[in-house]
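An overview of the molecular structure
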Amino acid sequence: VTIERLGLSDALRAWSAAIGGEHVSADDGTLLAASTATFATSQHVRAILRPGSLAEVQECVRIANRCRVPLYPISSGRNWGYGSRVPPQDGVLLDLARLNRILEYSEELAYVTIEPGVTQRQLHEYLRQRGSRLWMDATGASPECSIVGNTLERGFGHTPMGDHCGAACGLQVVLPTGECIETGFSRFEGSTVGPLSRSGVGPSLDGLFAQSNFGIVTRMSVWLMPAPEAFSAFFFMCHGEDDLARVADALRPLRLNGTLRSVVHIGNDYKVLAAGGGTPAWHRAGQGPIGADAMAAWRRSVGIGSWNGSGGLYGTKAQVREARRQVRRALAGKVDRLHFIDDRRLRLMERFAAPFKLVTGWDLGATLDVLKPLYGLLKGIPTDSALKSAYWRKHTVPRQTNPDRDGCGLLWCSPVVPAVGSRLAEVTRLASDTLLDFGFEPQMSISLTTERSATCVISIGYDRATPGADQRAHECYARLSRALLERGYPPYRLAVTAMSALEEAPAYADLLRALKQAVDPAYVLAPGRYEPAVDDRSARSLDVA
Ligand SMILES: Cc1cc2nc3c(=O)[nH]c(=O)nc-3n(C[C@H](O)[C@H](O)[C@H](O)COP(=O)(O)OP(=O)(O)OC[C@H]3O[C@@H](n4cnc5c(N)ncnc54)[C@H](O)[C@@H]3O)c2cc1C
């Protein structure tokens, strides 16, 4: 049954009446753009709805139920590397960008309550304009990314509030039937603690709405952190998988004992150099991947390691001083360089970059260009500088970046790995071999996201205009994901083309299906999003042509 036969035209008329025709798009150009990700997909966006209020969201959902048209919510739709705006099956996008109010802000209790359209830039400016002493967390994706959208994909950032799901609560959710609920303590009329405490009383439902298709989040409270009395970033580099393993083993105890309160990121040479933009001039278009030897020469010439780490130290002056001492001691003899940088040192470096270059020949200004955005992220300041890495194989980066429009190939495979050196080395070796085998450079980062586990982001970066590259990227992703899973490293997040490929334990899959049936009897909300692999739902799938 196609969605046209299920009533798309009736639904479009009803949606136009409900939210205004100007907020319903169905022209070919717009739909083609929305159906384009940074890798090959075959799903089609059939229309885009932009409701402007909770009541309009509810009405859109009720119409979808009546006309049986699948509806896919997005907040800012910049889910690059995992599928951008493209839904897992054909359907209509419910774009929540117009719901962009910051509804509540408490300096005293360090939180904000926001709608899904609120972007990283918007919150950052909001806090700055109020002279707030609070820091938000930010991801390395664009400042235009939605905070709610990222949280619902279980995204992570760089500060002590970097576990976004862990720092969010009091969700307002429109269920697939159009009813609205609030989670945690927010569900009690007049509650004073909804934005302050996560679990509430009784079963906790927040987790049901991340990486699922059980509801549309229209409001969320997000915790912020008071600016610490002292802050210092640290940067280090090391060489080869063995050193990487030793460094990870040295940092884990500091994560576990609370010395390191935030995510430590360790990027390989490909990842760091990709952040500077396209491949170098000496590597011509059409050539195969930059192999290990060429990369070794390149990284030596720019003075980076094969692994390059950064992290932040937060606290009182005494705490930061002690944390520095601990980090220095833990990494002694294991890293090539270890630098601590704070605001004062950064200002000095900026001031003396030009004379320094004259005297030493070292282009400190260029180093600062790479360093400063990273330093800012550790303080929750969003940046668009990382987006240049999407243009790795494009050789030039336009002023207005848009990886979907510009044919940037970007497919991310993101396993979770114990924070144990030998495990991390196994994963990075496997990823490196697999990507090079398929003709891609292995851009990788390891983030010590929790005290005990790390998230590796393995980026398959390519030019979508290269014949066969899209197909190769999918094959590479599938082979690598399978190999990782077999070794016990499941993904923390999935590309839209892989969302129904995860085989769940039967009882777990049954429970997920029963929950879906209970909350979405008409099966209209985001069919195919993070659903078990084999099931009986095809009988009631809405969009099988
Ligand atoms: C260079 C670069 C750096 C990146 N760095 C990071 C990083 O540091 N950390 C990180 O986590 N990611 C990172 N990413 C990946 C990605 O770009 C971000 O995670 C981004 O925030 C996700 O897109 P979004 O915020 O627009 O969310 P959206 O695309 O709006 O949402 C993501 C998905 O969540 C669901 N959803 C969204 N809103 C709702 C809602 N209100 N109700 C129900 N479901 C909803 C939808 O299924 C949607 O497809 C990076 C990407 C690039 C290219």
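Up top is the structure.
Residues numbered from 1 in each chain as written. Predicted model: local features only at pLDDT ≥ 70, side-chain atom pairs only at ≥ 80, totals over all residues. Heavy atoms only, no water.

Some points on the site of the ligand
The full set close to the ligand counts 32 residues, and S75, S76, R78, N150 and R493 are the nearest of them. Backbone polar atom of S146 to an oxygen atom of the ligand: 3.2 Å apart, as the coordinates give it. Taken by itself the ligand offers 960 Å² of open surface, and the protein chains cover 93% of this. Counting only elements with at least two residues in the shell around the ligand, the list comes to β3 (71-74), α5 (147-152), β10 (216-223) and β16 (408-413). Per-element tally for the shell around the ligand: the top contributor is α5, with three residues. Per-class residue counts for the shell around the ligand are 16 nonpolar, twelve polar and four charged. (Near = heavy atom within 4 Å. Polar contact = N/O pair within 3.5 Å; in protein donor to acceptor, adjacent residues only side chain to side chain. Areas by Shrake-Rupley, 256 points an atom, 1.4 Å probe, with all protein chains shown as cover. Helix = DSSP H or I, 4+ residues; strand = E, 2+ residues; numbered from the N terminus. Nonpolar A, V, L, I, M, F, W, Y, C, P; charged D, E, K, R; others polar.)

Remarks on the packing of aromatic side chains
One pass over the full model with this rule turns up eleven aromatic pairs. With a centroid separation of 6.3 Å and 15° between ring planes, the pair formed by F234 and F236 is classed as stacked. Accessibility classification places F234 together with F236 in one group, the buried group. Considering the side-chain rings of F234 and F340, the 6.3 Å spacing of their centres and the 45° angle between planes classify their relative orientation as tilted. Of the two residues, F234 sits in strand β12 (residues 230-238) while F340 sits in strand β15 (residues 337-341), which places them 106 residues apart along the sequence. Looking at F340, the relative accessible area reads 7%, which means it is buried. A network of ring pairs unites the aromatic residues W135, F231, Y314 and Y375 as a single cluster. Over the ring of Y126 we find R130; its NZ or CZ atom is 3.6 Å from the centre of that ring. (Phe/Tyr/Trp six-rings, centres within 6.5 Å; stacked < 30°, edge-to-face > 60°. Buried < 20%, exposed > 50% of the residue type's maximum accessible area, 1.4 Å probe, protein only. Lys NZ or Arg CZ within 6 Å of the ring centre and 35° of its normal.)

From the geometry alone we can't say anything about function, so treat these as descriptive.
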